[in-house]
Amino acid sequence: MTETRNRILTATAELFRLQGYNGTSLKQVTTAAAAPTGSLYHFFPGGKEQLAETVIVTSGEAYRELFEMVYASATSPAAAITDFFNGAAEVLEESDYLDPCPIGSVALEVASTNDRLRRATHDVFASWVDTAATRLEADGIPRAHAEELAVALVAAVEGGFMLSRAARSAEPMRTTGQLIRRLVEIALRTATAARAGLPD
């Protein structure tokens, strides 16, 4: 049963990436997942809205964990930023500029029409901001500034996807990553100087 549920979630996320929330029907989901309609309603009795909410939450957590993994394995906080953005650029290139993340696409579609899904996308973005801010704070950047940088980082990733897909070039993603890296480097230097009582 869990396998069927996972197939439904995977198929839905893929369809959202390709054609968005409004462009995806439950019939397409069950066909892509090779699952009977009854199974879909068994796992998601709230229908398409509940299914979409679950996809948003599970996809959001997967991307949050990916950021944690990239950050933990990087040689420095600044390197973690470019590692993450460069990785996103590579995914775009390898997928021929398909939307790699259904969350931003759904957020754009439902922001003014479906408050339940709007809240779900907001909560995912907030979890990403909190994760990035916590990492940056642990590396010495004051919490308030770490949160500002984290908001910029999340906005830059989502904007980088949009610009890169429109241009069919990963350069906007890489360029944005370099800019966010420089902002992090400045913040780290400023924080270090402040702790040492030196002018920044």
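Residues numbered from 1 in each chain as written. Predicted model: local features only at pLDDT ≥ 70, side-chain atom pairs only at ≥ 80, totals over all residues. Heavy atoms only, no water.

**A few points about the overall build of the protein chain**
Secondary structure summary: the protein chain contains 9 helices and 0 strands in total. Helices and strands in the protein chain line up, N terminus first, as α-α-α-α-α-α-α-α-α. Judged by the C-alpha coordinates and their principal axes, the protein chain covers about 65 × 35 × 30 Å. Taking all 200 residues of the protein chain together, 46% fall into the buried category. (Helix = DSSP H or I, 4+ residues; strand = E, 2+ residues; numbered from the N terminus. Buried < 20%, exposed > 50% of the residue type's maximum accessible area, 1.4 Å probe, protein only.)

**A short note on the environment of glutamine 19**
You can see glutamine 19 is positioned in helix H1 (residues 2-19). Separated by 87 residues in sequence, glutamine 19 and valine 106 have C-alpha atoms that sit 10.0 Å apart. Glutamine 19 has contacts with Thr24 and Gln28, leaving out every residue within four places of it along the chain. Side-chain polar atoms of glutamine 19 contact the backbone oxygen of glycine 23, separated by 3.1 Å. Here the side chain of glutamine 19 touches glutamine 28 through a polar contact of 2.8 Å, side chain to side chain. (Contact = heavy atoms within 4.5 Å. Polar contact = N/O pair within 3.5 Å; in protein donor to acceptor, adjacent residues only side chain to side chain.)

**Quick word on the packing of helix H4 (residues 47-73) against helix H6 (residues 102-110)**
Direction vectors running N to C along H4 and H6 enclose 140 degrees, while the axes themselves pass 9 Å from each other. With respect to each other, H4 and H6 are oriented oblique. Every pair of crossing elements has a handedness; the one defined by H4 and H6 is left-handed. Along its contact with H4, which presents Val55, Ile56, Ser59, Gly60 and Tyr63, the element H6 presents Pro102, Ile103 and Val106. (Axes fitted to C-alpha atoms, helices over the stretch in contact; angles between N-to-C directions. Parallel < 35°, antiparallel > 145°, perpendicular 65-115°, else oblique. Left-handed = near helix turned anticlockwise from the far one by under 90°.)

**Structural notes on the packing of helix H8 (residues 143-167) against helix H9 (residues 171-196)**
It is the contact of H8 with H9, at a shortest axis distance of 8 Å, that shows an interaxial angle of 170 degrees. The orientation of H8 with respect to H9, classified from their angle, is roughly antiparallel. In this structure, H8 contributes His145, Leu149, Ala152, Leu153, Ala156, Val157, Gly160, Phe161, Leu163 and Ser164 to the contact, and H9 contributes Pro172, Met173, Thr176, Ile180, Leu183, Val184 and Ala187. Its residues assigned to classes, the contact of H8 with H9 shows 13 nonpolar, 4 polar and no charged. (Nonpolar A, V, L, I, M, F, W, Y, C, P; charged D, E, K, R; others polar.)

**Side note on the packing of aromatic side chains**
Geometrically, a pair of aromatic rings is defined through the distance of the ring centres and the angle of the planes. Applying the stated rule across the entire model yields 7 aromatic pairs. With a centroid separation of 6.5 Å and 55 degrees between ring planes, the pair formed by phenylalanine 43 and phenylalanine 44 is classed as tilted. Assessed through its relative accessible area of 1%, phenylalanine 44 is described here as buried. Each ring, one from phenylalanine 67 and one from phenylalanine 84, has its centre 5.2 Å from the other, and the planes form 85 degrees; the classification is edge-to-face. Here phenylalanine 67, found in helix H4, pairs with phenylalanine 84, found in helix H5 (residues 77-94); they are 17 residues apart in sequence, far enough to count as distant. For the pair phenylalanine 67 and phenylalanine 84, one class covers both residues: buried. An aromatic cluster is present here, built from Phe67, Tyr71, Phe84 and Phe85 joined pairwise through their rings. Here the basic side chain of lysine 48 rests over the ring of tyrosine 21, its NZ or CZ set 4.4 Å away from the ring centre. (Phe/Tyr/Trp six-rings, centres within 6.5 Å; stacked < 30°, edge-to-face > 60°. Lys NZ or Arg CZ within 6 Å of the ring centre and 35° of its normal.)

**Overview of a nonpolar patch on the surface**
On the surface, Leu179, Leu183 and Ile186 cluster together into a nonpolar patch covering about 240 Å² of accessible area. Following the sequence through the fold, leucine 179 ends up in helix H9. (Patch = residues over 30% accessible without salt bridge, like charges linked within 9 Å, V, L, I, M, F, W, Y side chains within 5 Å. Areas by Shrake-Rupley, 256 points an atom, 1.4 Å probe, with all protein chains shown as cover. Salt bridge = Lys/Arg side-chain N within 4 Å of Asp/Glu carboxyl O.)

**Section: the pattern of salt bridges**
What the rule picks out here adds up to 17 salt bridges. The partner of glutamate 68 in a salt bridge is arginine 135, and the shortest N-O contact between them spans 2.7 Å. A residue pair is termed long-range when its members are at least 10 positions apart, and glutamate 68 in helix H4 and arginine 135 in helix H7 (residues 115-138) qualify at 67 residues. Note on glutamate 68: relative accessible area 23%, which makes it partly exposed. Note that glutamate 171 is salt-bridged to arginine 174, the shortest N-O span being 3.5 Å.

**Some words on the nonpolar core**
Formed by 58 residues in total, the largest nonpolar core has its most connected members in Ile8, Leu51 and Phe85. Once you skip the residues sitting within four places of it in the chain, phenylalanine 85 turns out to touch Leu153, Ala156, Val157, Met173, Thr176, Gly177 and Ile180. (Core = buried A, V, L, I, M, F, W, Y, C linked by side-chain atoms within 4.5 Å.)

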